[in-house]
Amino acid sequence: MSHESTQILLNANEEWAQSVIKDIPDFFTQSATGQSPKVLWIGCSDSRVPESVITASKPGDIFVHRNIANQFHLNDDSALSVLTYAVKVVGVEHVVLVGHTNCGGAAACLKAAEDAAANTGASQPDTPLTRWLSPLIAHVQSLDLSGCSTSEALNKVVETNIIMQVDNICKSEPITTAWANPNSKKVTVHGWVYDLSRGRIDELVCRDAQA
Amino acid sequence: MNALATPYKNHHFTLCLSLLHSMSQLQLNAAEGLINANEEWAQRIIKVNPNFFKDSDTHPPKPKVLWIGCSDSRAPASVITASMPGDIFTHTNIANQFHSFDDNANSVLSCAISEEIDHVVLVGHSICECVQEAIVNAAAAKPADPNNPIERWLTPLSELVRTLDLSGLDESEALDLVTKANINKQVENICNSEPIVTAWADGKRVSVHGWLYDLATGRIRELVVRSLPRP
């Protein structure tokens, strides 16, 4: 089968590496000696929200965890190990939880909640995706979306989801420990929304030890 | 591949450097810096293509590639492949793992397959501190601390290390061997996952690649590729 798309990426990587070396000959050898990013980005896997491109960041700037619908579940070792490593080992100063407009995961939860309301008794199939989204589906079911158009409802889900994930992050052990210890490095937790139609990030909420 | 990628490939890095200079002058904190850099980036895109964002919002692109990589800040998927928004569906975690029991990674993979991607690329990188930690833990025969999320997460990797013969290898040779074995193992895990097994049983032509990104040279190398088994 054709491996055109992956060959394009490999070719682009080669050109990029050469252009970086032309600008800064020791960029890679320096970068290989260690990392000290100031920011951990927890965002959505959506291809339209590549954190380093939309913030014009370079390798070494942002520690990253991306998943479906930018979740932070307190019982998820994948996200929890990233947060623990970022805060305790790498020493990031900011954790940014980034959602985005027109999120497919949020839309799927809206639909699942509507289906559940229409078909009482019918249960969701038990798959990794339905399990992954079940906290968000439950959250959607708790919202009052009466009188909202479809797009207003989706925006409300996107934004309240961001706040909910920020709340989860603030309850996590790495953050509660950092905030309880006045000698710990300062770490701030932010909730951001990326507007796909404008290409712009807006801050919804910001929490630190004083909050 | 997004047609806008070409004009931005070489501009991207120069743009990063000029923004970095202006950010340091304003003495913003790192998070404020990102928001400001995003604003400048968005304005530059709109200058070249006023409809870029509106178009990608109303006509979502269909990425062909899912990237499963490490959370390490030095390996940002879209930067090191000079890709634009819309090109690569992305999932990153500590030491680029794909655990069969992990709902996080499995949900990303199943979404990507249903969005009809053609390729899954599992990308490890050289000098991974967490791979190094797994080697140290395996050598110390230390059981994972159940209260440490990083050690719990790295348990399968530590188990993999114990199956490898690292005798006679110096530290960097051992790290290199384990890095490659880790990539191969995660590719195997992906190929054995329900989304891929089902996709191949349905005749879907999706390939799974194992890539190694060399931090010291900035180059990606393909180690392995697995495709739809021939009937």
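Everything numeric here is computed off the predicted structure, so don't read it as measured data.

> Got a sec to walk through the side chain of serine 56 of chain B? Specific residues and values, please.
For serine 56 of chain B, the position within the fold is in helix H3 (residues 52-58). By relative accessible area, which is 13% here, serine 56 of chain B ends up buried. Once residues within four sequence positions are removed from consideration, serine 56 of chain B is found in contact with Arg48 of chain A together with Pro61 of chain B.

> Please set out the sheet that holds strand S5 (residues 219-226) of chain B residue by residue, giving values where relevant.
All names here are of chain B. As summarised here, the arrangement of the five strands in space is S2-S1-S3-S4-S5, forming an open sheet in which the pairing is mixed. Both outer strands of the open sheet, strand S2 (88-93) and S5, are each paired with one neighbouring strand and no more. The sheet shows a mean angle of 25° between the axes of neighbouring strands, taken without regard to direction. Across five bridges, strand S1 (residues 65-70) lies against strand S3 (residues 119-125) in parallel orientation. Looking across to S3, one finds that tryptophan 67 is bridged to valine 121.

> Let's hear about the sheet that holds strand S2 (residues 62-67) of chain A: which residues, and what values?
Strand pairs in the sheet, formed through backbone hydrogen bonds, run parallel or antiparallel to each other. All names here are of chain A. One open sheet accounts for five strands, arranged S2-S1-S3-S4-S5; its pairing is mixed. Of all strands in the sheet, those bounded by a partner on one side alone are S2 and strand S5 (200-207). Between one strand axis and the next, the sheet turns through 20° on average, direction left out of account. As paired strands, strand S3 (residues 94-100) and strand S4 (residues 188-195) are joined by seven bridges and run parallel to one another. Within S4, the position partnered with valine 96 by the bridge is histidine 190. This element, helix H4 (residues 77-90), spans strand S1 (39-44), S2 and S3 of the sheet and lies at about 170° to S2.

> Explain the nonpolar core residue by residue, including any values.
Counting residues in hydrophobic clusters, the biggest one holds 87 residues, and the most contacted among them are Val95 of chain A together with Val120 of chain B. Ignoring any residue separated from it by four or fewer positions in sequence, one finds valine 95 of chain A in contact with Leu40, Ile42, Leu83, Val87, Ile169, Ile175, Val187, Thr188, Val189 and His190 of chain A. One finds Leu34, Ile35, Ala42 and Phe53 of chain B within the second-largest nonpolar core, a separate group that totals 46 residues.

> Can you explain the interface of chain B and chain A? Please cite residues and give values.
Each partner contributes residues to the interface: chain B has 83 residues there, and chain A has 79 residues. Summing the contributions of chain B and of chain A, the shared interface buries around 7100 Å²; its carbon and sulfur component is 63%. For the interface between chain B and chain A, the tally reads four salt bridges. In this structure, arginine 200 of chain A engages glutamate 39 of chain B in a salt bridge whose closest nitrogen and oxygen atoms are separated by 3.3 Å. Taken together, the connections running from chain B to chain A amount to 28 residue pairs in polar contact (both at pLDDT 80 or more). Grouping the amino acids of the side of chain B that touches chain A by side-chain chemistry returns 42 nonpolar, 26 polar and 15 charged.

Cut-off values and rules
Residues numbered from 1 in each chain as written. Chains lettered and ligands numbered in written order. Predicted model: local features only at pLDDT ≥ 70, side-chain atom pairs only at ≥ 80, totals over all residues. Heavy atoms only, no water. Helix = DSSP H or I, 4+ residues; strand = E, 2+ residues; numbered from the N terminus. Buried < 20%, exposed > 50% of the residue type's maximum accessible area, 1.4 Å probe, protein only. Contact = heavy atoms within 4.5 Å. Pairing = 2+ DSSP bridges. Axes fitted to C-alpha atoms, helices over the stretch in contact; angles between N-to-C directions. Core = buried A, V, L, I, M, F, W, Y, C linked by side-chain atoms within 4.5 Å. Buried area = accessible area lost by both parts, 1.4 Å probe. Salt bridge = Lys/Arg side-chain N within 4 Å of Asp/Glu carboxyl O. Polar contact = N/O pair within 3.5 Å; in protein donor to acceptor, adjacent residues only side chain to side chain. Nonpolar A, V, L, I, M, F, W, Y, C, P; charged D, E, K, R; others polar.

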